[in-house]
Amino acid sequence: MRGTWRLKFRMWLTMFLMFTIVYALLGFVGWYLGIGRWQIYMFISLGIVFLQYWFGPSLVKRSMNVRPLSEAEAPHIHQMVEELAQTANIPKPEVCISEINIPNAFAFGRTSRSGHIAITRPILGLLDRDELRAVIGHEMGHIKHNDMAVTAAVSVVPMICYYIAIAFMFSRNDDNGGGIIIGILGYVMYLVGQILVLFISRTREYYADEASVEFGNRPAALVSALYKLSYGAARTNEESIKDLNTNRAFFFNDINNGTKDVHDFRQIDFDGDGSISDDELRRLANSNVKISKADSIMELLSTHPDSLKRVKRLSELM
């Protein structure tokens with residue numbers, strides 16, 4: 001797909017930068033200590049990431065109230081997943097349903113061979129067949145790209161930096177001037193690492209969007225699904241959103257931005273019918289999209305791309 005190699009290059013370059021940062025920080029710590037004690041922080045962090053990677057699917061199932069969705073309950077969804085898995089050339093993921101009160105979908109698992117695709121119950125009455133297939137295609141893209149492993153790998157960087165920062169900033173050593181400097185540097189690197197992790201998360205979403213189109217779904221169907229799911233998030237009570245906030249990176253769209261995203265989508269819903277047609281998306285492809293400075297800053301702290309930027313990229317895939 002056009003532009004996919006650029007997304008991959010940006011993602012891998014960012015990962016290289018992250019691990020270069022943590023390697024330099026650990027090297028500084030080792031130099032300061034004069035011994036190999038810095039390895040303890042790495043082993044602890046790697047151990048936690050391994051536990052997160054290994055037990056992550058079970059934690060997602062529990063926190064998102066997920067259960068298997070049998071073929072007898074939803075044969076059309078199983079058919080979609082089967083067709084998309086064949087197109088993606090990966091084993092068919094386990095199909096699940098999440099009993100949470102917000103329309104959305106997400107993928108989880110350890111590798112592309114042990115993937116799960118979950119839809120929430122409210123999504124079933126909201127999206128039409130093409131839109132639902134496009135969303136499932138997006139989640140299939142995450143599984144195809146082994147995004148679960150990528151997430152586990154990059155999360156180790158800010159974690160290591162954070163442990164180093166806390167250990168050195170609050171050391172009881174009376175002569176801890178150098179240690180405090182390392183602690184401050186570690187905390188700065190922790191913040192930088194978090195921003196880079198969010199950048200990779202947003203890049204993964206673009207990459208999964210392109211995968212859905214590559215699997216045969218119309219870009220306009222994916223945009224309409226984003227539009228409708230933004231409506232769903234905007235209509236969900238704040239308490240439910242708050243309960244799911246820690247898992248928002250899993251979702252197809254950022255559930256925290258529902259109201260803003262609906263406002264953005266209305267700008268390109270020229271006939272006001274609540275969905276985006278091929279013609280409306282083509283009109284966007286031939287126009288410029290301007291993002292305010294405030295929205296650009298907010299995007300830096302978001303797990304998902306700005307909705308208009310995401311739609312603009314999809315319009316270029318038509």
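It should be noted that the structure appears before, not after, this text.
An account of the accompanying structure is given in this report.

Definitions and cut-offs
Residues numbered from 1 in each chain as written. Predicted model: local features only at pLDDT ≥ 70, side-chain atom pairs only at ≥ 80, totals over all residues. Heavy atoms only, no water. Helix = DSSP H or I, 4+ residues; strand = E, 2+ residues; numbered from the N terminus. Buried < 20%, exposed > 50% of the residue type's maximum accessible area, 1.4 Å probe, protein only. Polar contact = N/O pair within 3.5 Å; in protein donor to acceptor, adjacent residues only side chain to side chain. Axes fitted to C-alpha atoms, helices over the stretch in contact; angles between N-to-C directions. Parallel < 35°, antiparallel > 145°, perpendicular 65-115°, else oblique. Left-handed = near helix turned anticlockwise from the far one by under 90°. Contact = heavy atoms within 4.5 Å. Nonpolar A, V, L, I, M, F, W, Y, C, P; charged D, E, K, R; others polar. Pairing = 2+ DSSP bridges. Salt bridge = Lys/Arg side-chain N within 4 Å of Asp/Glu carboxyl O.

1. Looking at the side chain of Ser307
Tracing the backbone shows Ser307 in helix H13 (residues 307–315). For Ser307, a relative accessible area of 7% puts it in the buried group. Engagement of the side chain of Ser307 in a polar contact is seen with the side chain of Asp261, the distance being 3.2 Å.

2. Some thoughts on the packing of helix H8 (residues 219–235) against helix H10 (residues 258–266)
Closest axis-to-axis distance for the H8/H10 pair is 8 Å, and the angle between their directions is 140 degrees. Relative to H10, H8 is oriented oblique. Regarding H8 and H10, the two cross each other, and that crossing is left-handed. Between H8, through Val223, Leu226, Tyr227, Ser230, Tyr231, Ala233 and Ala234, and H10, the contact on the second element is made entirely by Gly258, Thr259, Asp261, Val262, Phe265 and Arg266. For the contact of H8 with H10, the residue count by class is eight nonpolar, three polar and two charged.

3. Points about the sheet that holds strand E3 (residues 105–109)
One key point about sheets: their strands pair by backbone hydrogen bonds, in either a parallel or an antiparallel sense. Ordered in space as E1-E2-E4-E3, the four strands form an open sheet in which the pairing is mixed. Each edge of the open sheet is held by one strand with a lone partner, namely strand E1 (66–68) and E3. Between one strand axis and the next, the sheet turns through 35 degrees on average, direction left out of account. Examined bridge by bridge, E1 and strand E2 (residues 94–98) share three bridges and lie antiparallel to one another.

4. Observations concerning the environment of Lys92
Along the chain, Lys92 falls in the loop between helix H3 (75–88) and E2. Once the C-alpha coordinates of Lys92 and Val81 are considered, the two residues, eleven residues apart in sequence, prove to be 6.8 Å apart. Each residue touching Lys92, except ones within four places of it in the same chain, is listed here: His78, Val81, Glu82 and Ala85. In this structure the side chain of Lys92 is engaged in a polar contact, spanning 2.9 Å, whose partner is the side chain of His78.

5. Comments concerning the pattern of salt bridges
Scanning the model with the defined rule gives 16 salt bridges in all. Of the charged contacts, one joins Glu99 and Arg121 as a salt bridge, the two residues approaching to 2.6 Å between their closest N and O atoms. Highlighted residues: Glu99 in the loop between E2 and E3 and Arg121 in the loop between strand E4 (115–120) and helix H4 (129–144), separated in sequence by 22 residues. By relative accessible area, which is 31% here, Glu99 ends up partly exposed.

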